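Each chain, written out:
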Amino acid sequence: MALRDFEDRLERMVEGMFARAFKTGLQPVEIGRRLVKELDANRSLDVKGRTIVPNRFVVRLSAADHERFSQIEESLRLELAGSIRQHAQANGLLFLGRVAVALVEDASRVVGMFRIESAFDESAVEGAPPAYLELADGQTVPLTQEVAVLGRLPESTVVLSDPNASRRHAELHAEGDSYTLVDLGSTNGSKVNGIRVGRQLLRDGDSLTFGTITMVFRLL
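Residues numbered from 1 in each chain as written. Predicted model: local features only at pLDDT ≥ 70, side-chain atom pairs only at ≥ 80, totals over all residues. Heavy atoms only, no water.

Q: What is the right way to look at the overall build of the protein chain in this model?
A: Within the protein chain one finds 4 helices and 16 strands. Among the 220 residues that make up the protein chain, the fraction classed as buried is 47%. Restricting the contact set of the protein chain to residue pairs at least 6 apart, pairs at least 24 apart contribute 59%. Only carbon and sulfur atoms are counted for the fraction: they give 48% of the accessible area of the protein chain, which is about 11000 Å². (Helix = DSSP H or I, 4+ residues; strand = E, 2+ residues; numbered from the N terminus. Buried < 20%, exposed > 50% of the residue type's maximum accessible area, 1.4 Å probe, protein only. Contact = heavy atoms within 4.5 Å. Areas by Shrake-Rupley, 256 points an atom, 1.4 Å probe, with all protein chains shown as cover.)

Q: Explain the confidence of the model for the protein chain here, please?
A: Averaged over the protein chain, the pLDDT score is 85; the fraction of residues at 70 or greater is 85%. Below a pLDDT of 50 lies the segment residues 14-20, which in the model reaches 7 contacts outside its immediate sequence neighbourhood of four places, other chains included. (pLDDT = per-residue confidence, 0-100.)

Q: Explanation requested: the packing of helix 2 (residues 28-41) against helix 4 (residues 73-90) in the structure shown.
A: Angle between the axes and distance between the axes are the two parameters that describe a pair of packed helices. At a closest axis distance of 10 Å, the pairing of helix 2 and helix 4 adopts a crossing angle of 35 degrees. Considering the relative orientation of helix 2 and helix 4, their crossing is right-handed. Residues Pro28, Ile31, Gly32, Leu35, Val36, Leu39 and Asp40 of helix 2 touch helix 4, and the partners they reach there are Leu76, Leu80, Ile84, His87 and Ala88. In terms of residue class, the contact of helix 2 with helix 4 is made up of 9 nonpolar, 2 polar and 1 charged. (Axes fitted to C-alpha atoms, helices over the stretch in contact; angles between N-to-C directions. Left-handed = near helix turned anticlockwise from the far one by under 90°. Nonpolar A, V, L, I, M, F, W, Y, C, P; charged D, E, K, R; others polar.)

Q: I would appreciate a short explanation of the sheet that holds strand 12 (residues 190-192) in the present structure.
A: One key point about sheets: their strands pair by backbone hydrogen bonds, in either a parallel or an antiparallel sense. Here 6 strands make up an open sheet; going across it, the order is 7-6-16-15-12-13 and the pairing antiparallel. Two strands bound the open sheet, and with one partner strand each, they are strand 7 (140-143) and strand 13 (195-197). Adjacent strand axes in the sheet meet at a mean angle of 30 degrees when their direction is disregarded. Where strand 12 lies against strand 15 (residues 207-210), 3 bridges are found, and the strand directions are antiparallel. Within strand 15, the residue paired with lysine 191 across the bridge is threonine 209. (Pairing = 2+ DSSP bridges.)

Q: Before we go on, may I ask you to explain the side chain of serine 186 in this structure?
A: Mapped onto the secondary structure, serine 186 falls in the loop between strand 11 (178-183) and strand 12. On the basis of relative accessibility, which here comes to 7%, the residue serine 186 falls in the buried class. Here the side chain of serine 186 touches aspartate 183 through a polar contact of 2.6 Å, side chain to side chain. The contact partners of serine 186, leaving out residues within four places of it in the chain, are Ser166, His169 and Arg196. (Polar contact = N/O pair within 3.5 Å; in protein donor to acceptor, adjacent residues only side chain to side chain.)

Q: Help me understand unusual backbone geometry, please; the structure alone is not making it clear to me.
A: The general pattern is negative phi for most residues beyond glycine and trans for most peptide bonds. A positive phi angle, near 55 degrees, is found at asparagine 193, a position not held by glycine. With respect to the element layout, asparagine 193 can be found in the loop between strand 12 and strand 13. Residue classification places asparagine 193 among the partly exposed residues on the basis of a relative accessible area of 43%.

Q: For this particular structure, what's the right way to read the side chain of histidine 87?
A: Residue placement: histidine 87 occurs in helix 4. At 3.0 Å, the side chain of histidine 87 forms a polar contact with the side chain of aspartate 40.

Q: Mind showing me how you'd approach the environment of arginine 68 here?
A: Looking at the secondary structure, you find arginine 68 in helix 3 (residues 63-69). Separated by 42 residues in the primary sequence, arginine 68 and leucine 26 place their C-alpha atoms 9.4 Å from one another.

Q: Quick question: what am I supposed to make of the sheet that holds strand 10 (residues 170-175) here?
A: Spatially, the 5 strands line up as an open sheet ordered 9-8-10-11-14, and their pairing is mixed. In this open sheet, the two edge strands, each paired with only one partner strand, are strand 9 (158-159) and strand 14 (199-201). Across 2 bridges, strand 8 (residues 147-151) lies against strand 9 in parallel orientation. Looking across to strand 9, one finds that leucine 150 is bridged to valine 158.

Q: Whenever I open this one, the pattern of salt bridges confuses me. Can you help?
A: Side-chain pairing between opposite charges can occur once the charged atoms of the two side chains come close. Summed over all chains, the structure comprises 9 salt bridges. For the salt bridge of arginine 68 with aspartate 65, the shortest nitrogen-to-oxygen distance reads 3.6 Å. Residue arginine 68 and its partner aspartate 65 are located together in helix 3, separated by 3 residues, close to a single helical turn. Per residue, the accessibility class of arginine 68 equals that of aspartate 65, and both read buried. Arginine 218 is the salt-bridge partner of glutamate 134, the closest N and O atoms lying 3.9 Å from each other. Of this pair, glutamate 134 sits in strand 6 (residues 131-134) while arginine 218 sits in strand 16 (residues 213-219), placing them 84 residues apart in sequence. On the accessibility criterion, arginine 218 (9% relative accessible area) is buried. One continuous salt-bridge network, built from bridges that share partners, spans Arg60, Arg115 and Glu117. (Salt bridge = Lys/Arg side-chain N within 4 Å of Asp/Glu carboxyl O.)

Here it is in structure tokens:
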């Protein structure tokens, strides 16, 4: 994934109610850039000669910066992990386990300064959301259930506030390392990358459209 794409998504994510908090001081984009550099600096070869890279990252922040980022911590962690994964895919790099990023407070850090620690960790698969949906306004919805429901019903995993969407429009089913989109016989259908589908295995970066609402599927 191009760094510019990552920067654009982070800018959208901190718009609106978070804009004031991020006008000055440490920026999320700075952490993203450093994580990519950390990934590239710690390449190694496994027994098969494949290039492997760390998959667990701890970002140590000052108390003040950690407090500021706490407003969007979950979304930011997901976004940072997604950017790392996509950079690795674009460069033929492999992970030993699922990518995990943690933001922690470090009393030894001063405002604006941070430190990144990386490690090869097979156990990082446990407890990490396998994927998430990136909404048009920059918000993210982690997919932590085997079946996620999308529709106008208020109890849906993702509520589609569009009269063109059905009450129970579609489902996302966890299958292996990804999710499969299943249309539930909706009136206006479900689209993946602009093409109407009934059932479709999703890939990282796929664009999903339900009625007039579009979102992006992201794998971690």
